[in-house]
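The lines below spell out each chain.
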Amino acid sequence: MKKAEYVTEILTYTERRLLQILRKYYLGGFALLPFLWLVNSIWFFNEAFRKPVYTEQQQIRLYVIRSMVGTLIWLAIITTWVVIFQLNRASWGATADYMSFIIPKGMP
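Summarised in this report is the structure supplied together with it. A quick note: this is a predicted structure, and the numbers were derived from the prediction, not measured.

Definitions and cut-offs
Residues numbered from 1 in each chain as written. Predicted model: local features only at pLDDT ≥ 70, side-chain atom pairs only at ≥ 80, totals over all residues. Heavy atoms only, no water. Helix = DSSP H or I, 4+ residues; strand = E, 2+ residues; numbered from the N terminus. Axes fitted to C-alpha atoms, helices over the stretch in contact; angles between N-to-C directions. Parallel < 35°, antiparallel > 145°, perpendicular 65-115°, else oblique. Left-handed = near helix turned anticlockwise from the far one by under 90°. Contact = heavy atoms within 4.5 Å. Nonpolar A, V, L, I, M, F, W, Y, C, P; charged D, E, K, R; others polar. Core = buried A, V, L, I, M, F, W, Y, C linked by side-chain atoms within 4.5 Å. Buried < 20%, exposed > 50% of the residue type's maximum accessible area, 1.4 Å probe, protein only.

1. What about unusual backbone geometry?
Line of reasoning, step 1. One non-glycine residue, Leu 32, lies in positive phi territory at about 60°.
Line of reasoning, step 2. Within the element layout of this structure, Leu 32 appears in the loop between helix H2 (15-29) and helix H3 (35-43).

Right, here's the structure in full:
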């Protein structure tokens, strides 16, 4: 199946099917895959906030908002960790070296 065909197929899904997909991606974000929350936030934003009102829209909106919040929380956690690690890598010595994929050469 080509990419264009896949996108067209998803666009023809019923609201109930879209809600099922959205829920699976939302729950997948809890499996340490926060990228799925970002996908939910972007892909289903129009469905949640710009389409005319329908039965499943309230639930879709709830999942989209939760996905946005989850994405922001994970972004804050990852950013905090990167800043802390970069500022303290040299002082942590061998422990930081074991956590690094690439060990920088030279003086910090």
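2. Topic: the packing of H3 against helix H5 (residues 57-92)
Line of reasoning, step 1. Where H3 contacts H5, the two axes come as close as 8 Å, and the packing angle between them is 135°. Here H3 is positioned oblique relative to H5, judged by the angle of their axes. Where H3 crosses over H5, the handedness of that crossing is left-handed. For the pair formed by H3 and H5, the contact residues are Trp 37, Leu 38, Asn 40 and Ser 41 on the first element and Val 64, Ser 67, Met 68, Gly 70, Thr 71 and Trp 74 on the second.
Line of reasoning, step 2. Looking at the contact of H3 with H5 residue by residue, the classes come out as 5 nonpolar, 5 polar and no charged.

3. Considering the nonpolar core
Line of reasoning, step 1. Core analysis: the biggest nonpolar cluster contains 12 residues, these being Leu 18, Leu 19, Ile 21, Leu 22, Tyr 26, Trp 37, Phe 44, Ala 48, Tyr 54, Ile 60, Tyr 63 and Val 64.
Line of reasoning, step 2. Elements supplying a minimum of two residues to this core: H2 and H5.
Line of reasoning, step 3. Among the elements that make up this core, the one with the highest residue count is H2 (5 residues).
Line of reasoning, step 4. With sequence-adjacent residues up to four places away left out, Leu 22 is seen in contact with Asn 40, Phe 44, Ile 60, Tyr 63 and Val 64.

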